[in-house]
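Now for the letters of each chain:
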Amino acid sequence: MIKIPIEIGDTVYVGKFKNKKTVVKDITYNEYGLPMINGRPLLTLRIEKLMPKKKEKTDENQVIKLKNLIP
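Residues numbered from 1 in each chain as written. Predicted model: local features only at pLDDT ≥ 70, side-chain atom pairs only at ≥ 80, totals over all residues. Heavy atoms only, no water.

(A) Inspection of the overall build of the chain at higher detail. On a plain count of helices and strands, the chain comes out with 1 helix and 5 strands. Secondary structure elements in the chain, listed N-terminal to C-terminal, are β-β-β-β-β-α. Counting over 71 residues, the chain shows a buried share of 10%. In the chain, of all internal contacts separated by at least 6 residues, the share reaching a separation of at least 24 is 10%. (Helix = DSSP H or I, 4+ residues; strand = E, 2+ residues; numbered from the N terminus. Buried < 20%, exposed > 50% of the residue type's maximum accessible area, 1.4 Å probe, protein only. Contact = heavy atoms within 4.5 Å.)

(B) Representation of the pairing of strand β2 (residues 20-23) in the model. The pairing of strand β1 (residues 11-14) with β2 spans 4 bridges and is classified as antiparallel. Note that in β2 the partner of Thr11 across the bridge is Val23. Hairpin connection between β1 and β2: a loop of 5 residues separates the two successive antiparallel strands, and Gly15 in this loop has a positive phi of roughly 100 degrees. (Pairing = 2+ DSSP bridges.)

(C) Broad picture of a nonpolar patch on the surface. Together, Ile8, Ile27 and Tyr29 make up a nonpolar patch on the protein surface, roughly 340 Å² of accessible area in all. Checked against the element boundaries, Ile8 lands in the segment before β1. Residue classification places Ile8 among the exposed positions, given a relative accessible area of 60%. (Patch = residues over 30% accessible without salt bridge, like charges linked within 9 Å, V, L, I, M, F, W, Y side chains within 5 Å. Areas by Shrake-Rupley, 256 points an atom, 1.4 Å probe, with all protein chains shown as cover. Salt bridge = Lys/Arg side-chain N within 4 Å of Asp/Glu carboxyl O.)

(D) Focus on unusual backbone geometry. The phi dihedral of Lys18 falls on the positive side, at around 50 degrees, and the residue is not glycine. Position of Lys18 relative to the elements: it lies in the loop between β1 and β2. Of note in this structure, Asn38 is not a glycine but carries a positive phi near 55 degrees. Take Asn38: its relative accessible area is 28%, and that puts it in the partly exposed class.

(E) Representation of the environment of Pro52 within the structure. Note on placement: Pro52 falls in the loop between β5 (40-41) and α1 (60-69). Each C-alpha atom of the pair Pro52 and Glu31 lies 7.8 Å from the other, and the pair is 21 residues apart in sequence. When residues no more than four places from it in sequence are discounted, the contact partners of Pro52 are Glu31 and Tyr32.

Shown next, in the form of structure tokens:
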């Protein structure tokens, strides 16, 4: 578990160079389970075990090729 001591009302630095002050209005989580502050990601990493499972995509060209092989 990731514990970050940030509460609503705290001031954090954001932006590319972390030089803009922003007051925390809400703390939520995205589809990967990572924390977001004011709708922006707090961390720029992904934890594999928290990520949704990938759905295997079938390539339509492969399906057409397989259909053509069957007489």
